[in-house]
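Structural description and commentary
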Amino acid sequence: MRTGLQRLEDNINFLRSVPLLKDLSSDVLAKIADALEVEFYPAGAHIIRQGASGDTFFIISAGSVKVTQRLAGRREDEDIRTLQRGDYFGEQALLKEDCRTASVIALQPGVECLTLDRESFIQLIGDLSELHEKDY
Ligand code: 6J7
Ligand code: CA
């Protein structure tokens, strides 16, 4: 049987491998591991809907997702990019206190994300310069 402590260790080891988090101390990584929730999504699920309000930041721990966006005046969503294990999304609505700027959809069954609520995100990783240097 895997214990809660082993799962916590697994999560810390995974977080260490996420490029965004590479400069964080073990202390902060442990706090992130303590604060995060694990969420699963079926194929085709809208993890994020453009225009909705949002309070959650996501790191993909298994599977892949596509990011789509409806540009002003267009009638259809456009595919922007796909993301996979180790990638993250959902920071824009948290940093800018605004609505979701794109949609994010699970591409296969069993997409797994580690999520942080707004408060933990702001407190633990909201200052990372990579997030503030994004130009979208
Ligand atoms: Br990943 C990603 N790429 C883009 C992009 O090119 N434009 C926009 N607007 N968003 C992108 N995203 C992510 C980003 O993390 O999609 C998320 C949708 O919710 C966005 O954060 P959000 O606006 O909270
Ligand atoms: Ca939950």
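Here's a quick rundown of the structure. (Residues numbered from 1 in each chain as written. Chains lettered and ligands numbered in written order. Predicted model: local features only at pLDDT ≥ 70, side-chain atom pairs only at ≥ 80, totals over all residues. Heavy atoms only, no water.)

1. Points about the pairing of strand β7 (residues 103-106)
Rules: The buried label goes to any residue with under 20% of its type's maximum accessible area, the exposed label to any with over 50%, and the partly exposed label to all in between, with areas taken from a 1.4 Å probe on protein chains only. Only DSSP runs of H or I with at least four residues qualify as helices, and only runs of E with at least two residues qualify as strands; both kinds are numbered from the N terminus onward. For two strands to be treated as a pair, DSSP must find at least two bridges joining them.
Burial along β7 is two-sided: the face carrying S103 and I105 and the face carrying V104 and A106 are both buried. One ladder, built from two bridges, connects strand β2 (residues 46-48) with β7; its direction is antiparallel. Residue pairing across strands places I48 opposite V104, the latter belonging to β7. Sheet topology places strand β4 (residues 65-69) next to β7; four bridges connect them, and they run antiparallel. Opposite V65, over in β7, you have A106 as the bridge partner.

2. Thoughts on unusual backbone geometry
Look at E97: it is not a glycine, yet its phi comes out positive at around 45°. If you trace the backbone, E97 turns up in the loop between α3 (91-95) and β7. The exposed category is assigned to E97, whose relative accessible area is 68%.

3. Observations regarding the environment of D55
What counts, and what does not: It only takes one pair of heavy atoms within 4.5 Å for two residues to be counted as in contact. What qualifies as a polar contact is a pair of N or O atoms within 3.5 Å, subject to a donor-acceptor requirement within protein and to the restriction that residues adjacent in sequence count only when both atoms come from side chains.
Examined against the element boundaries, D55 turns out to sit in the loop between β2 and β3 (56-62). Along the sequence, D55 and L116 sit 61 residues apart, while their C-alpha atoms lie 8.6 Å from each other. Look past the residues within four positions of D55 in its chain and what remains in contact with it is L94, R100, L116, D117 and R118. Of note is the side chain of D55, whose polar atom sits 2.8 Å from the side chain of R118.

4. Some thoughts on helix α2 (residues 26-35)
Counted only if it meets this: As used here, the arc is the angular range of directions from the helix axis to the C-beta atoms.
Within α2, the full set of buried residues consists of V28, L29, I32 and A33. On an axial view of α2, the arc spanned by its buried residues comes to 140°, and they lie on one face. Against α1 (4-17), β8 (111-117) and α4 (118-124) lie the buried residues of α2.

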